[in-house]
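Notes for the structure review
Listed here are the chains, written in short residue letters.
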Amino acid sequence: MIDEVEIKANKSKMPLKLSLGLLIGCAGWMGPYIGLAVTLLPAKIGQLAPSSKVSLVATFSAVAMVVATIANIVNGALSDRTRSRFGKRTPWIVGGSLISAGLFYAISVAPNIPVLLTLWALYQVSLNAVVAPLVAIIADKVNPKFRGTVSSFYGVGAAMGNYGSGVIAARFLGGIQIGIWVFALIGIVFAIISVILIKEPSNKDEPRETLHGKELLQAFIFPIHDARDFYLALVGKLLMVTGQYVIVGYQLYIFTDYMKLNQSETANSISAVSMILMVTGIVFAAFAGPLVDKIGRLKLPVALTTVMLGVGAFFPFFEAKPWTMIVYAVIAGIGMGAYNSVDQALNVAVLPDPKTAAKDLGVINLANTLGQVAGPIISGIIISMVGYHMIFPVETIICVIGGGLIMMIKRVK
């Protein structure tokens, strides 16, 4: 009885340590991933195969998309069924981070494109062993009345990792290998700090259903029952992330090939854009979550911030000058900061079954992985067919459609 009272008391309080752990954990996987995928991986591809770098970035994205689709769901489902003295999420977060760091080192010394592509695919498996379990902690341990605020901490971590990585990566365009090592170290350190703060209790005594037949199928497949809003949230998020990475996935080449900047100008421009995105992302993520908890609205803020990203993306279409990317950074940074703050709260609210939280959140978070790889594929096709300038209005259209789908959700206000 005392344990039950204590649990209820803890759930009535804002979980500050857990929130800080989610912030650091999100920054710890997002930063290394984005730093590599957006800047250092394209730079390494450019070193190994300069004449075919645009098509190769799209190829790497396509392979990553296929691997991540499977890994995200499987890792999430296995995490739901894990029983250990460290809980069901911590072993996956720590293990995935350690393996990712080892693969970062291997990527840094990869001698050719086939080896690099193989290592990149393996990294998608270890990365998604971290992502799905980490997000599921919100569903596991956070009272619904605090989910917007806790999601806000996660959003700040996303902003720090997403855009802070650009500031760091830009400094290593002349030393790609060292830059990759730096991100490997960040990933390990942040993961350890994260799980210490979250302090997941033992779940060794938690019952685990035996899986056979129908139960086995349900544990590993996409949700089927009462899932309309779930899939609207998933596709809306997928379109938002895809639209974002239509630009972000080719940010390096936008500055070098579209705007014709030299290496020094490119590094400074990437740093400036990343710094603006990080500052606006952190500021607006910090207050958007508590605001939606106060007003009791999730759907409209997520939809509006998705559309804002598309509005910002349209400016570089008018002129191939760095100032247009600065404008994009300001508008998109505000939108993405607020979006990242409330997005996870919306995802948790539309879950069909709390018992399969990590698996189902893994499905929704496929939108992150698939969008991050689908965006560069779309860009690669458009650039090859009509040039860089058309990727910007395409992003606008994608984001507007995504916002419209989110507004169609019925379960959430």
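Residues numbered from 1 in each chain as written. Predicted model: local features only at pLDDT ≥ 70, side-chain atom pairs only at ≥ 80, totals over all residues. Heavy atoms only, no water.

1. Some details on the nonpolar core
Of all hydrophobic cores here, the largest spans 119 residues; its most connected members are Leu-22, Trp-29, Tyr-33, Trp-120, Ile-254 and Tyr-328. Of the residues forming this core, the biggest block, 14 residues, is contributed by helix H2 (residues 16–48). (Core = buried A, V, L, I, M, F, W, Y, C linked by side-chain atoms within 4.5 Å. Buried < 20%, exposed > 50% of the residue type's maximum accessible area, 1.4 Å probe, protein only. Helix = DSSP H or I, 4+ residues; strand = E, 2+ residues; numbered from the N terminus.)

2. Remarks on the packing of aromatic side chains
Applying the stated rule across the entire model yields 11 aromatic pairs. For the pair Tyr-33 and Trp-120, a centre-to-centre distance of 6.0 Å together with 10 degrees between the ring planes defines the contact as stacked. Here Trp-120 lies in helix H5 (residues 113–141) and Tyr-33 lies in helix H2, a separation of 87 residues in the sequence. In terms of burial, Tyr-33 and Trp-120 fall into one category: buried. Here the basic side chain of Lys-53 rests over the ring of Tyr-253, its NZ or CZ set 4.6 Å away from the ring centre. (Phe/Tyr/Trp six-rings, centres within 6.5 Å; stacked < 30°, edge-to-face > 60°. Lys NZ or Arg CZ within 6 Å of the ring centre and 35° of its normal.)

3. Structural notes on the packing of helix H15 (residues 366–386) against helix H16 (residues 391–407)
Between H15 and H16, whose axes approach to 10 Å, the crossing angle comes to 140 degrees. Our classification of the angle between H15 and H16 gives oblique. Of the two elements, H15 crosses H16, and the hand of that crossing is right-handed. When H15 is examined against H16, the residues Ile-378, Ser-379, Ile-382 and Ile-383 are found in contact with a partner set consisting of Ile-391, Val-394 and Ile-398. When the residues that make up the contact of H15 with H16 are grouped by side-chain class, the tally is six nonpolar, one polar and no charged. (Axes fitted to C-alpha atoms, helices over the stretch in contact; angles between N-to-C directions. Parallel < 35°, antiparallel > 145°, perpendicular 65-115°, else oblique. Left-handed = near helix turned anticlockwise from the far one by under 90°. Contact = heavy atoms within 4.5 Å. Nonpolar A, V, L, I, M, F, W, Y, C, P; charged D, E, K, R; others polar.)

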